[in-house]
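# Overview (structure and organization)
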Amino acid sequence: MRLPKFDYSDPETLDQALDLLDSHRDDAKILAGGTDLLVRMKKGLLKPKVLISLKALNELSYIKKQAGCIKIGARTPLADIISSDMIQNEAKALCQACEKIGAATIQHFRGTIGGNILQDNRCHHYNQSEFFRSGHQACHKAGGKICYAREEADRCNSTCQSDGATALMALGADITLARKGGERTVDLASFYTTDGINPFAMESHELLTEVTIPVTEAQSAYQRLAYRSAIDYPIVCAGVLLKPSSAQKDEIENARIVVGAMGRSPLFLTQASSSLKGKKLNDTNAFKKAADASMNSASAFAVHNVGATLEYRCAMVSQMVFRALEQAAAAVEA
Ligand SMILES: Cc1cc2nc3c(=O)[nH]c(=O)nc-3n(C[C@H](O)[C@H](O)[C@H](O)COP(=O)(O)OP(=O)(O)OC[C@H]3O[C@@H](n4cnc5c(N)ncnc54)[C@H](O)[C@@H]3O)c2cc1C
Ligand code: SF4
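A short tour of the structure in this document, coming up. (Residues numbered from 1 in each chain as written. Chains lettered and ligands numbered in written order. Predicted model: local features only at pLDDT ≥ 70, side-chain atom pairs only at ≥ 80, totals over all residues. Heavy atoms only, no water.)

## Considering the overall build of the protein chain
A tally of regular secondary structure across the protein chain gives twelve helices and twelve strands. In summary, the protein chain has a C-alpha radius of gyration of 20 Å against a globular reference of 20 Å for 334 residues, a match within 12%. Seen through its C-alpha atoms, the protein chain measures out along the principal axes to roughly 60 × 45 × 35 Å. Counting over 334 residues, the protein chain shows a buried share of 52%. In the protein chain, the proportion of contacts linking residues at least 24 apart, taken out of those at least 6 apart, comes to 64%. Accessible surface, the protein chain as shown: approximately 15200 Å² in total, 48% of it carbon and sulfur. Charged side chains in the protein chain number 39 positive and 37 negative. The centres of these two groups are separated by 4 Å. (Helix = DSSP H or I, 4+ residues; strand = E, 2+ residues; numbered from the N terminus. Rg over C-alpha atoms; globule rule 2.2 N^0.38 Å. Buried < 20%, exposed > 50% of the residue type's maximum accessible area, 1.4 Å probe, protein only. Contact = heavy atoms within 4.5 Å. Areas by Shrake-Rupley, 256 points an atom, 1.4 Å probe, with all protein chains shown as cover. Lys, Arg positive; Asp, Glu negative; His and termini not counted. Charge placed at Lys NZ, Arg CZ, Asp CG, Glu CD.)

Set out below in structure tokens:
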């Protein structure tokens, strides 16, 4: 498999990168680590005319504390996140999620957090070679009018398999998108569209610059299931956050449960999350109920397009959420 032809730009500043994006718009793609983008280009799924590299933009590579939040530059390597004491202690779910991405040799020294959030949705009917796809009618994501994963679907239900995005949504993260002459910050939970063809609510001339995680008394945890612990994408994963009440330390004031690899975006399950409000941190019955409720809600979004059977993935949601809740509760109590 060969890369298609493209022009390569290597801007030295963020302003230069934004100028280039603004002039090329839909013809351009940002190249961070390339571990998602170049694979898709080799498979002929994407043929951008221009790649704008972030290689020289060291200004987008940092982890720092500012105004009660952790700020992570979009080009920060996953390896830096994994080895950061700040992330380990105050945003544990993100550290646990990044540790699972790909394998140390391929991912940890190239993959970036921005690229992880913005990797395209996947589907085993679509993420195939050009030769494989040439034997099939094109589906919605390939420009056709059918879906192999859900027969009656009028849109694409490809799956977001980003470990990082699932953990970050559980942590209540915001992301900052810059464009020539301005920027906007959005809650990650509101960043997704309802169509897997273009899963992100962003414009082609916008560039992800920063991830912001609020720091609170809460503790977080991340669990995931994949065929092999290295290389494979998650077939289901869960990130959770538990905030203890300031008046009663053994009581949950606020919870966030996010399930990943089951829908077009990570799924923030508001009902299951709010069912834990006021519950004790050692109330395993309440955790079990919230985990089962998460399974019921997430199952409505999933289609059969990620390797394992749909039934198995749905059943495992409950397990992943329960384990993550137990782990976060233990961390609060420690
Ligand atoms: C074998 C293999 C296994 C993998 N396993 C996993 C896994 O288990 N879990 C997982 O989550 N991922 C996995 N991945 C996907 C990918 O490697 C990671 O998600 C990685 O973090 C992507 O980061 P990157 O910097 O290489 O992104 P790139 O490939 O450079 O970019 C990905 C997409 O984001 C866009 N982009 C990147 N940065 C920006 C920015 N700052 N602003 C605007 N657009 C941007 C690019 O244009 C591109 O469309 C795997 C990939 C491979 C090849
Ligand atoms: S979910 Fe359907 S439309 Fe989307 S990539 Fe898969 S087969 Fe194609």
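## Overview of helix α1 (residues 14–24)
Along α1, the residues that are buried comprise Leu14, Ala17, Leu18 and Leu21. When α1 is viewed along its axis, its buried side chains cluster within an angular range of 95° and face the same direction. In α1, those exposed residues whose orientation departs by more than 90 degrees from the buried face are Asp15 and Ser23. In this fold, the buried residues of α1 make contact with β2 (28–31), β3 (50–53), β6 (174–179) and β8 (207–214). One or two positions beyond α1, positive phi appears at arginine 25, with a value near 45°. (Arc of directions from axis to C-beta.)

## Re the site of ligand 2
In the neighbourhood of ligand 2, the contacting residues comprise Cys123, His125, Tyr126, Cys139, His140, Lys141, Cys147, Tyr148, Ala149, Cys156, Asn157 and Ser158. By residue class, the composition of the shell around ligand 2 is seven nonpolar, four polar and one charged. (Near = heavy atom within 4 Å. Nonpolar A, V, L, I, M, F, W, Y, C, P; charged D, E, K, R; others polar.)

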